[in-house]
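# Observations on the three-dimensional arrangement
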Amino acid sequence: MNETSGCPVSHTDYTVERPLFQTYELLNAEREQGPFLINDSGRRPFWMITEYGHVLEALQMPDVFSNEVISALTPEHTVDLLPQYLDPPEHTAMRRVLNRWFAPAVVRRLEPLVLSRCVELIEELRPRGGCDLVNDFAIRFPTDLFLATLNLPLSDGNAFLHHVEIVFKGFAGRELDQVATSTEWIRDYFDRAIAEREHAPRDTQVDFISRLLVSELDGAPIPRDDIITICYTAMLAGLDTTRSALGFIFHHLAGDTELRHRLTASPELWPRAVEEFIRLYPLVFMDGRLVTRDIDFHGLHLHKGDIVWLGLASANHDPKKFADPRSFDIGREDLNHHLAFGAGPHRCMGMHLARHEMIIALTEWHKRIPDYELATADQLYERGAQLSIDRLPLRWEV
Amino acid sequence: MGAVLSVDESRCTGHGRCYSAAPKLLSDDDEGFVTLRGHSMEIAGDQLADAEEAVAACPERAITLRRDG
């Protein structure tokens, strides 16, 4: 990286915890400085691509922007992830095996379980007159659904959570020694689950691991280590994101009584509302990529080996794409164009499950607890690297 | 006047926004892709509005509606 093309320089360290919403403020201010910036906050500098049109285009160019790097903040692999670290055609083959487990058809099959578990959790909280939405609800619900989706025992949820939290600190480059221990715990768990199924195979129509054990990639079985990595990745991808999204959504709704009443009265609006919330509050605020060859990308001279930051959150707030981008508007025509789930071959595999979980959670919650407010005047914080509200105390009348 | 709706196989990655936006017109397969992926279909006059919804819903710009005449 020996040319800077006169780009503005960003020194912002996006791995650090900040007061709630400050990350979006910084990202938006940087996009206003220009479509491309060079960021020197970490061990390796990276190019920040900030505008919607460029970000979408780059996501659709996997031959130039490789997934050998998936985070501009931690370009070295702190944990193995599959299929994230693959490029087409290997990636395409693995996604073909995995997609059907996360397709809308499967989501529909799980609906009765999702609904009953959601209602159970809400009914447990309702008489209390308050809760920490993030830790008492928003993480428990997706954890159970993740386990259900993979046909694993729901009773294993609590043990998982502890280790998942630690691994996420590792994404921000922290507590790396503990990350290794927790990663090992999680991988051992899946290793045992695989051993059980090798010993006594289960129905490959409903049991994820059993299906992977009989699936083939290019005529060969999927290596056992890769099956472990796939399960581990699905868990990391599914638990934290849904928890975080619900945190941001409930924070918004707690502060907007009129909107809350409108949605409670017209629950058919929840799907559009969820989509707009996802646009407004993207949690995975960037995708990292490794440049595979020298290229002039809209005037930015990139060299083989450079790292780029594809600004998903910045794109979602780009006024060239979304009118009045910082406001919540379920009537916007291009509602579905947001990049919160990414785009291109690596678009989020769990997106259908995530949407469904959130729509059900919000619908059922507001049927039972339509009015609530923030129960603290303290400053709230968001984790860096991948946004998440640390806690969200709510209270309501019982 | 007729119209043809097509889904570009190389661009479609299975976001599912098209069949969610136009459920009467489009449906999903076992992998979550629209069944029209890599194919085209004739659009009748009373399906035009749904077809336009589907085109507008795609984040990948994979769907096109070509009008003849």
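Scroll up to find the structure.
Note that the structure is predicted; figures quoted are calculated from it, not measured.

Before going further, it helps to spend a moment on the overall build of chain A. If you tally the helices and strands in chain A, you get 14 helices and 15 strands. In terms of overall size, chain A behaves like a compact globule, its C-alpha atoms giving a radius of gyration of 21 Å where 398 residues would be expected to give roughly 21 Å. Across its three principal axes, chain A shows a C-alpha extent of roughly 60 × 55 × 40 Å. Split into buried and exposed, the 398 residues of chain A put 59% on the buried side.

Before going further, it helps to spend a moment on the packing of aromatic side chains. All names here are of chain A. This model, assessed by the stated rule, comprises 28 aromatic pairs over all chains. Seen in terms of ring centroids, phenylalanine 102 and phenylalanine 208 are 6.0 Å apart; in terms of plane orientation they differ by 75 degrees. Their pairing is edge-to-face. Taken as a pair, phenylalanine 102 in the loop between α3 (90-99) and α4 (104-125) and phenylalanine 208 in helix α9 (residues 208-214) lie far apart in primary sequence, 106 residues in all. Accessibility classification places phenylalanine 102 together with phenylalanine 208 in one group, the buried group. Here the guanidinium or amino end of lysine 321 rests over the ring plane of phenylalanine 322, the centre of that ring lying 5.8 Å away.

Before going further, it helps to examine the nonpolar core. Residue and element names in this part refer to chain A. Ranked by internal contacts, the top residues of the largest apolar core, which has 67 residues, are Phe137, Phe250, Leu253, Phe285, Trp309, Trp365 and Tyr372. Excluding its chain neighbours within four sequence positions, the residues that come into contact with tyrosine 372 are Phe250, Leu253, Ala254, Arg260, Trp365, His366, Leu394, Arg395 and Trp396. Formed by 44 residues, the second largest nonpolar core is a distinct cluster that contains Val167, Ile230, Ala234 and Leu239.

Another point: the pattern of salt bridges. Counted by the stated rule, this structure contains 31 salt bridges over all chains. Taking the shortest distance from any N to any O, the salt bridge between glutamate 31 of chain B and arginine 96 of chain A comes out at 3.1 Å. Here glutamate 31 of chain B, found in the loop between α1 (17-21) and β2 (40-43), pairs with arginine 96 of chain A, found in helix α3, and the two come from separate chains. Given a relative accessible area of 53%, arginine 96 of chain A falls into the exposed group. Between glutamate 276 of chain A and arginine 332 of chain A there is a salt bridge, with its nearest N and O atoms 2.9 Å apart. Taken together, the residues span a long stretch of sequence, with glutamate 276 of chain A in helix α12 (residues 270-280) and arginine 332 of chain A in the loop between α13 (312-316) and α14 (351-368) at a distance of 56 residues. Taken as a pair, glutamate 276 of chain A and arginine 332 of chain A share a single burial class, namely buried. Each of Glu123, Arg126, Glu364, Lys367 and Arg368 of chain A takes part in a single network of salt bridges with overlapping partners.

Further remarks concern the pairing of strand β12 (residues 307-311) of chain A. All names here are of chain A. Of all five residues in β12, five are buried; the element is thus mostly enclosed. As paired elements, strand β9 (residues 286-291) and β12 share five bridges and run antiparallel to each other. Paired with aspartate 287 across the bridge in β12 is leucine 310.

Attention shifts here to α12 of chain A. Most of α12 of chain A is tucked away: nine of the 11 residues are buried. Within the sequence span of α12 of chain A, burial applies to Trp270, Ala273, Val274, Glu275, Glu276, Phe277, Ile278, Arg279 and Leu280 of chain A. Looking at the buried positions of α12 of chain A, the neighbouring elements they touch are α1 (22-33), α10 (224-254), α11 (257-265), α13 and α14 of chain A together with α1 of chain B.

Residues and elements named next belong to chain A. Here three strands make up an open sheet; going across it, the order is β6-β15-β13 and the pairing antiparallel. Either end of the sheet is taken by a strand with one partner, and the two such strands are β6 (130-132) and β13 (373-374). As judged from the two bridges shared by β13 and strand β15 (residues 393-395), these two strands associate in the antiparallel manner. When the sheet's bridge partners are listed, glutamate 373 is paired in β15 with arginine 395.

A few words now on the interface of chain A and chain B. Contact residues are listed per partner, giving 22 residues for chain A and 18 residues for chain B. Counting across the interface, chain A meets chain B through 14 residue pairs in polar contact (both at pLDDT 80 or more). Elements represented by at least two residues in the side of chain A that touches chain B include exactly α2 (52-59), α3, α4 and α14 of chain A. Across the side of chain A that touches chain B, the residue classes break down as eight nonpolar, seven polar and seven charged.

Another point: the environment of histidine 251 of chain A. All names here are of chain A. Along the chain, histidine 251 turns up in helix α10. Classification of histidine 251 by relative accessible area gives buried; the value is 18%. In the structure, histidine 251 is positioned 132 residues away from valine 119 in sequence and 20 Å away in space, judged by C-alpha atoms. With near-sequence residues (within four places) excluded, histidine 251 lies in contact with Leu20, Phe21, Leu374, Leu380, Ile389 and Leu392.

Further remarks concern α3 of chain A. Among the residues of α3 of chain A, those classed as buried are His91, Met94, Arg95, Val97, Leu98 and Asn99 of chain A. Where α3 of chain A is buried, its residues contact α9, β7 (216-217) and α10 of chain A.

Its place among the elements puts arginine 347 of chain A in the loop between α13 and α14. Despite its burial, arginine 347 of chain A remains without a salt bridge, the nearest opposite charge being carried by glutamate 60 of chain B at 6.5 Å. In terms of polar contacts, arginine 347 of chain A uses its side chain to reach the backbone carbonyl oxygen of threonine 13 of chain B, at 2.7 Å. Polar contacts involving the side chain of arginine 347 of chain A include one to the main-chain carbonyl oxygen of glycine 14 of chain B, which spans 2.9 Å.

Rules and cut-offs
- Residues numbered from 1 in each chain as written.
- Chains lettered and ligands numbered in written order.
- Predicted model: local features only at pLDDT ≥ 70, side-chain atom pairs only at ≥ 80, totals over all residues.
- Heavy atoms only, no water.
- Helix = DSSP H or I, 4+ residues; strand = E, 2+ residues; numbered from the N terminus.
- Rg over C-alpha atoms; globule rule 2.2 N^0.38 Å.
- Buried < 20%, exposed > 50% of the residue type's maximum accessible area, 1.4 Å probe, protein only.
- Phe/Tyr/Trp six-rings, centres within 6.5 Å; stacked < 30°, edge-to-face > 60°.
- Lys NZ or Arg CZ within 6 Å of the ring centre and 35° of its normal.
- Core = buried A, V, L, I, M, F, W, Y, C linked by side-chain atoms within 4.5 Å.
- Contact = heavy atoms within 4.5 Å.
- Salt bridge = Lys/Arg side-chain N within 4 Å of Asp/Glu carboxyl O.
- Pairing = 2+ DSSP bridges.
- Polar contact = N/O pair within 3.5 Å; in protein donor to acceptor, adjacent residues only side chain to side chain.
- Nonpolar A, V, L, I, M, F, W, Y, C, P; charged D, E, K, R; others polar.
- Lys, Arg positive; Asp, Glu negative; His and termini not counted.

Taken by themselves, the reported measurements are silent on function.
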